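Notes for the structure review
The primary structure of each chain is shown beneath.
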Amino acid sequence: MEDCLIDQTPGSPSPVSLRAAIIGLFLSAVVSLWGQYAADHLGYNYMTYGQLPTCFLLPFLLLVLGPNIALGSVAPRRALTRSEVLVIFSMGLIGSMVPDWAMTRYLIAIITAPHYFASPENRWADKFFSALPDWLVLRDERGAARTFFEGLAAGQSIPWSAWVVPLFWWLSFFAALLFVGACLVVILRKQWVEHEKLRFPLGQVALHVVGVSDEAAHSAWPAFFRTRMFQAGLGIALFVMTWNCIAYWDVLPRIPIAYSDGFDLTLGRAFPPIPIRPDLYALCFSFFVNVEILFSVWFFILLVSIIEAGVLNRIGVFAPSSTFVKGGLPSIQSIGGMIVFVLWGLWMARPHLREVLRKAVGRPTALNDEDELFSYRTAVVGLVIGLLYVVGWLHSAGFSLPVLALFLFCLFVFYLAMVRMMAEAGLVTLDLPINANQFTVGMVGSVHLSRPDLTALGLANAFARNWRTFTMVGLSHVAWLRDRVWPGRRHLFGWLCLAFGTSALSSILYVIYAGYTTGANNLRSGPGGLGVGFYSMIIQWVDNATQVSRLEILFLISGMILNILLTAGRYLFYWWPLHPIGFVALTSDSVLRVVFPIFQAWLIQTLLLRFGGVRLYRKTQPLFLGLLVGYVLGVGVSYVVDSVWFPGSPHATEAF
């Protein structure tokens, strides 16, 4: 962002203010509890889905930004500085990495399902219970698992003690995995920001919302908020969302702005459908993404996910392995491109990585780490220690060392792909296109894996499929935002850790309480059904000796070669129109589902740049920021309406 406000003097780092930290912890707890409650009791689980989820944006707007604007208008000296607001935003963003779809849903499903849903019919006990670590799951001693799903009888109390051991070990592992991610972010941030000049589109949206700009320094209102474009967008979105809320009573027709309002276009019987579905949330964020990336995303989705897949279906060429990649051969191609995408990025970063290592061991270097979350020495040493704990933990959980090495390689390749794509592309609905545990089984072959390995790979669903919590997306954006203000690095990372811990305890303890008091089988987030799916995956691996075929390997290699060619084209030809991210992102189902808003954002940007240049594009940005804020506030209106009038049949405001 070219217009940044620095509240402190460069060269004099200062700690995070206590009031900002306390408000940030409060916001983290609210985001976690409300996001989890809304998912469990009203089915508003998509509020926890996006990379900047509405379960975070709405409380931030209503509880932090709005009151601070009001306070700044009447008592400017008492209002939070913009650096403080940005710190609170960062803590809330880290807190949003926990509730429901972000982390809690998967963890609770893995911990609670095996001993409650095991039966003679599914033969779980015979197939993998001998390899299931007791210290990672909830035993049904004294009915701890049964009463969680069915609810406590009168006079019974919640068996908190039964949860201590599995939660301790899982959360210790999560802490180590998150710290490893933080170390990688610190090591790679300068490479991404200063050498590769990645845009961080979601971070730019955050700066516009907070108002970190020189122009806004004299006003309580963020600069964008004072423009007529913003006000028009806000009014339009709020009007449409309110209209659609009134339509819940079937007195008005809906205005189509949500995913459920569209239709699917089919090119032929063998071709996958093209979703022509509006999504205001995805459209607003996509407007801040580079036009080249937007074009590449929808172009490759159309070319590979639709046309190539349809042609392969017509000629009868299929992927025989169901455990490899869900999307078939075109998706396998994309995964090959993803592996090259990550490895090429690390190869290009090798001069920077050498300097980081020199700095970490105390050798002379021009590299400065004062603007990082913590020092390079801490990052390098922490990376080694964190990985050692992760390896030891996974080995104790049942992984053999060779399988563990392949699994961790796949895991961090996919995690790095996510954080790198989000830093450059900012696709707000992006999720993992393939999970590392399933990919590992496909590559090795389930017939070659021991029962403990397969069981441990099933348990890995608690973290291997988390596209927000462990992929470093949140931390990388916080590191990028932190570089736009000057609170110094002192204590900021510690407060971020406290924010995550506060959110994790709030969300997990609430789900445990809700399960025992109302019965987890009655929760709309459905931890039981998800857990059955996870453990049934182990049975599928045990009973079906699947392995990647030569055809799939061929498509994997072809994807690698294609991505190499795309990358070479970008480096060799200034006019090259295709970005490798478009080829990598096509495997993500959630990106495919919002391809129409991505196309709309590309078309609008192209027309604006064609007829008015960059100046017109920037003048139009407040309109889409206003639409976004109005939409988020409209989600809050819908939530209130559903809570009061439709608690038994709430409406899906968001879906991706």
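In this text the structure is predicted, and so the values were computed from the model without any measurement. (Residues numbered from 1 in each chain as written. Predicted model: local features only at pLDDT ≥ 70, side-chain atom pairs only at ≥ 80, totals over all residues. Heavy atoms only, no water.)

Side note on unusual backbone geometry
- Here R142, not a glycine, exhibits a phi torsion of approximately 55°, which is positive.
- Along the chain, R142 falls in the loop between α5 (124-127) and α6 (144-150).
- The backbone phi angle of K197 is positive, close to 55°, even though this residue is not glycine.
- Its place among the elements puts K197 in the loop between α7 (161-195) and α8 (201-210). (Helix = DSSP H or I, 4+ residues; strand = E, 2+ residues; numbered from the N terminus.)

Description of the environment of G235
- Tracing the backbone shows G235 in helix α9 (residues 228-246).
- Under the relative-accessibility criterion, G235 is labelled partly exposed at 37%.
- Each C-alpha atom of the pair G235 and L65 lies 18 Å from the other, and the pair is 170 residues apart in sequence. (Buried < 20%, exposed > 50% of the residue type's maximum accessible area, 1.4 Å probe, protein only.)

Quick notes on the packing of aromatic side chains
- One pass over the full model with this rule turns up 62 aromatic pairs.
- Both rings, one in W170 and one in W393, keep their centres 5.1 Å apart while their planes meet at 55°; by these two values the pair is tilted. Within this pair, whereas W170 is found in helix α7, its partner W393 is found in helix α14 (residues 376-397), the two being separated by 223 residues in sequence. Across the pair, W393 and W170 agree in class, each one buried.
- Linked through ring pairs, W135, F168, W169, W170, F173, F174, W393, F399, F407, F463 and F470 together constitute an aromatic cluster.
- When the ring centre of W101 is taken as reference, the NZ or CZ atom of R105 above it lies at 4.6 Å.
- Looking at R610, its charged tip hangs above the ring of F611, at a distance of 5.5 Å from the centre. (Phe/Tyr/Trp six-rings, centres within 6.5 Å; stacked < 30°, edge-to-face > 60°. Lys NZ or Arg CZ within 6 Å of the ring centre and 35° of its normal.)

Overview of the nonpolar core
- One finds F60, W170, L394, F407, F414, F463 and Y535 to be the most contacted residues of the largest nonpolar core, which totals 218 residues.
- Per-element accounting of this core gives the leading share, 18 residues, to α7.
- If near-sequence neighbours (up to four positions away) are discounted, W170 is found in contact with L107, I110, I111, L136, W393, L459, A462 and F463. (Core = buried A, V, L, I, M, F, W, Y, C linked by side-chain atoms within 4.5 Å. Contact = heavy atoms within 4.5 Å.)

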